[in-house]
Amino acid sequence: MCGVFGVFNHPEAANLTYLGLHALQHRGQESAGIVTSQGGTLHAVRKMGLVAEVFTSEVFAQLPGRVAIGHVRYTTAGGSLPKNIQPLTAEARHSSIAVAHNGNLINAEQLRDDLEEDGSIFSSQSDTEVILQLMARSRAGGFVERLIDALGRVRGAYSLVFTTDDRLIAARDPHGFRPLVLGRLRSHPDCYVVASETCAFDLIEAEKIRDIAPGEILIIDEAGLQSVQMRRETRRFCVFEHVYFARPDSVLDDLSVYDARIAMGEQLARETAVPADVVVPVPDSGVVAALGFAKASQIPFEMGLIRNHYVGRTFIEPKDSIRHFGVKLKLNPVPQVLKGRRVIVVDDSLVRGTTSRKIVKMIRAAGAAEVHLRISSPPVISPCYYGIDTPTRAELLASTHNPEEVARYVTADTVRYLSPEGLMQAVRGDSGVTYCTSCFTGEYPLRFTPPQGRRQLRLIEV
Ligand code: AMP
């Protein structure tokens, strides 16, 4: 769960990257970083915190150059520590390199053990550093050849942006698990940008050219654009990006997230309608699906819960104590909408059930006559190994509880989910577009055996 951004050939590259990262802030709120390249020298600013906290106007003076990459981070591999903040940088034999990564490598632990065995030393816990180490050790000729060499050995999900020697390089894993899109600035057609989501382009007035293809390495430099196709596997774009993670104003792999969520809500209504007076979304994640639900069921849509926007997504904080507290900080019911009404409350997903339980209780306390929870995705039953933070199987409520048991736990009158077929229909899976649905099905495109116990933390820097 991270966002990446890159700019080639703009006098204010760092500033554009700042804006791009701001639009991608929903993809990670723990840390932010920008690295610029000028005459082959890298300049880096990386800190814990939100984009607007990390980058003040004085900071931009320290980020010269016409090429920049940036990253917003939410930890899925390695601890939430300063040494893991991206972009990561390395001074290698041939040049300095910076890299920003969205995704999760499933064989990083194994590769790291092998590399350490062989004498490599690591300065972070990030799985991304393995790529830099493999490149540094490669005997291949140029940067791109070394990158191909390294990516040939890693397995898993990666959408990467690099800068080295004033070039911008983008790469996407052979399955295309996570999004990555190429665009250009309308005002400077020779200024190229790369981002996790198109919403980052809208802010800087860039137009989308195309998605980076699964298995593609794209090199952007003075000579123009050069594309190298590595091996390519069956497309496995993460369906959870459409369900929850991406912003609804983004277009991912040619499908509008907004359209997909409306279709999920409509389909959910067709599959699970119940007599009710009002459809209420869980803001913000359930809003678009709830609109689709209301449209298809012809039950009025109302905002029965109001969100305080000055707290981050509740789930995103890594500590349990903060998450439990977070729901109250974030949402407040509107009794005028809920009192005496039969309420359908729509959310995008059910993970641990802790948030839903608090929300249902809140709606009941505000006087609702009935509460029917509708989830615009199938039950989450398996952890994600490709970059979405999900708890272990034991903590996933739906992996051990049927809808009736979940309803009892969250204190709802009924709980229903969108069917897997309904989800596929909403994201055009029925017309042959393929996805990774491992969190809903337990079927993993790449086999992963979780390492026994976590790597021991040997250096903690505050
Ligand atoms: P819960 O009721 O505790 O299962 O939490 C479900 C809520 O968490 C839903 O509102 C989702 O929008 C949100 N959610 C689902 N997956 C994630 C995730 N990986 N990170 C943060 N929030 C999530």
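Owing to the predicted nature of the structure, the values given are computational and were not obtained by experimental measurement. (Residues numbered from 1 in each chain as written. Predicted model: local features only at pLDDT ≥ 70, side-chain atom pairs only at ≥ 80, totals over all residues. Heavy atoms only, no water.)

Our focus in this paragraph is the packing of aromatic side chains. Per the stated rule, a full pass over the model turns up 11 aromatic pairs. When the ring centre of Tyr 435 is taken as origin, the NZ or CZ atom of Arg 235, which lies over that ring, is 4.9 Å away. (Phe/Tyr/Trp six-rings, centres within 6.5 Å; stacked < 30°, edge-to-face > 60°. Lys NZ or Arg CZ within 6 Å of the ring centre and 35° of its normal.)

Attention now goes to the domain arrangement of the chain. Looking at the chain, the domain boundaries give domain 1 (2-236) and domain 2 (256-308 + 323-431). One C-alpha centre belongs to domain 1, the other to domain 2, and the line joining them spans 34 Å. Across the boundary between the two partners, domain 1 contributes eight residues, which contact five residues of domain 2. In this assembly, domain 1 packs against domain 2 so that about 610 Å² is buried in total across both faces, 60% of it on carbon and sulfur atoms. Linking domain 1 with domain 2 are zero salt bridges. Counting the contacts that link domain 1 with domain 2 gives three residue pairs in polar contact (both at pLDDT 80 or more). (Domains from an automatic or database assignment. Contact = heavy atoms within 4.5 Å. Buried area = accessible area lost by both parts, 1.4 Å probe. Salt bridge = Lys/Arg side-chain N within 4 Å of Asp/Glu carboxyl O. Polar contact = N/O pair within 3.5 Å; in protein donor to acceptor, adjacent residues only side chain to side chain.)

Once that is clear, we can look at the packing of helix H4 (residues 108-117) against helix H5 (residues 128-137). Following both chains from N to C, one finds H4 and H5 inclined at 45°, their axes separated by 10 Å at the closest point. When the axis of H4 is compared with that of H5, the two are oblique. Every pair of crossing elements has a handedness; the one defined by H4 and H5 is left-handed. Residues Ala 108, Leu 111, Arg 112 and Leu 115 of H4 touch H5, and the partners they reach there are Val 130, Gln 133, Leu 134 and Arg 137. Of the residues in the contact of H4 with H5, the class split is five nonpolar, one polar and two charged. (Axes fitted to C-alpha atoms, helices over the stretch in contact; angles between N-to-C directions. Helix = DSSP H or I, 4+ residues; strand = E, 2+ residues; numbered from the N terminus. Parallel < 35°, antiparallel > 145°, perpendicular 65-115°, else oblique. Left-handed = near helix turned anticlockwise from the far one by under 90°. Nonpolar A, V, L, I, M, F, W, Y, C, P; charged D, E, K, R; others polar.)

Glancing now at the sheet that holds strand E8 (residues 167-172). Read across the sheet, six strands follow the order E5-E6-E7-E8-E12-E13 without closing on themselves; strand pairing throughout is antiparallel. Of all the strands in the sheet, just strand E5 (88-91) and strand E13 (224-229) have a single pairing partner and so form its edges. Along the sheet, successive strands turn relative to each other by an average axial angle of 20°, direction set aside. Bridge count between E8 and strand E12 (residues 216-221): four bridges; the pairing is antiparallel. Across the sheet, Ile 169 pairs through a bridge with Ile 219, a residue of E12. Strands E5, strand E6 (96-105) and strand E7 (156-164) of the sheet are contacted by H5, whose axis makes an angle of about 135° with E6. (Pairing = 2+ DSSP bridges.)

Below, the discussion takes up the pattern of salt bridges. For the structure on display, the rule yields 19 salt bridges. Residue Arg 112 pairs with Glu 116 through a salt bridge whose shortest N-O separation is 3.3 Å. Separated by four residues within a single helix, Arg 112 and Glu 116 lie in helix H4, roughly one turn from each other. Residue Glu 116 is classed as partly exposed on the basis of its relative accessible area, which comes to 27%. Put simply, Arg 247 and Asp 249 hold a salt bridge, and the shortest N to O gap is 2.7 Å. When its relative accessible area of 38% is taken as the criterion, Asp 249 is described as partly exposed. It is possible to trace a salt-bridge network through shared partners that takes in Arg 27, Arg 178, Glu 197 and Glu 241. (Buried < 20%, exposed > 50% of the residue type's maximum accessible area, 1.4 Å probe, protein only.)

Counting residues in hydrophobic clusters, the biggest one holds 46 residues, and the most contacted among them are Phe 240, Met 264, Val 279, Ile 344, Val 346, Tyr 386 and Phe 440. Put simply, the parts of the chain that give this core at least two residues each are strand E14 (237-238), helix H8 (239-245), helix H9 (257-272), helix H10 (287-297), strand E20 (342-347), helix H16 (420-426), strand E23 (435-436) and helix H17 (438-441). Taken domain by domain, this core gets at least three of its residues from each of domain 1 (2-236) and domain 2 (256-308 + 323-431). When sequence neighbours within four positions are dropped, the list of residues in contact with Val 346 reads Leu 268, Val 279, Val 280, Pro 281, Val 282, Gly 286, Ala 289, Ala 290, Phe 293 and Arg 374. Among the nonpolar cores identified, the runner-up in size contains 30 residues, and Phe 55, Leu 185, Cys 191 and Ala 206 belong to it. (Core = buried A, V, L, I, M, F, W, Y, C linked by side-chain atoms within 4.5 Å.)

In this section: the side chain of Ser 37. The topology assignment puts Ser 37 in strand E2 (residues 31-38). Within the structure, the side chain of Ser 37 is placed 2.6 Å from the side chain of Asp 166, a separation counted as a polar contact. The contacts of Ser 37, once residues within four sequence positions are left out, are Leu 42, Pro 64, Gly 65, Arg 66, Val 67, Thr 163, Asp 165 and Asp 166.

On to the pairing of E2. A large share of E2 lies buried, amounting to seven of its eight residues. In the sheet, E2 pairs with strand E3 (residues 41-48) via eight bridges, with the strands oriented antiparallel. When the bridges of E3 are listed, Gly 33 appears paired with Arg 46. Linking E2 back to E3 in an antiparallel pair, the connection comprises two residues, with Gly 39 at a positive phi of about 55°. Relative to strand E4 (residues 67-73), E2 runs antiparallel, the two sharing seven bridges. Opposite Gly 33, over in E4, you have His 71 as the bridge partner.

A few words now on the site of the ligand. The ligand sits among 17 residues. The nearest are Asp 347, Asp 348, Val 351, Gly 353 and Ser 356. Asp 347 is positioned such that a nitrogen or oxygen atom in its side chain is 2.5 Å from an oxygen atom of the ligand. Between the ligand and Arg 352, the relevant distance is 2.8 Å, taken from an oxygen atom to a main-chain nitrogen or oxygen of the residue. For the ligand, whose unbound accessible area comes to 500 Å², protein coverage reaches 96%. Contributing elements (two or more residues each) for the shell around the ligand: H8 and helix H13 (354-365). With three residues, H13 is the largest single contributor of residues to the shell around the ligand. Taken together, the residues of the shell around the ligand sort by class into seven nonpolar, six polar and four charged. (Near = heavy atom within 4 Å. Areas by Shrake-Rupley, 256 points an atom, 1.4 Å probe, with all protein chains shown as cover.)

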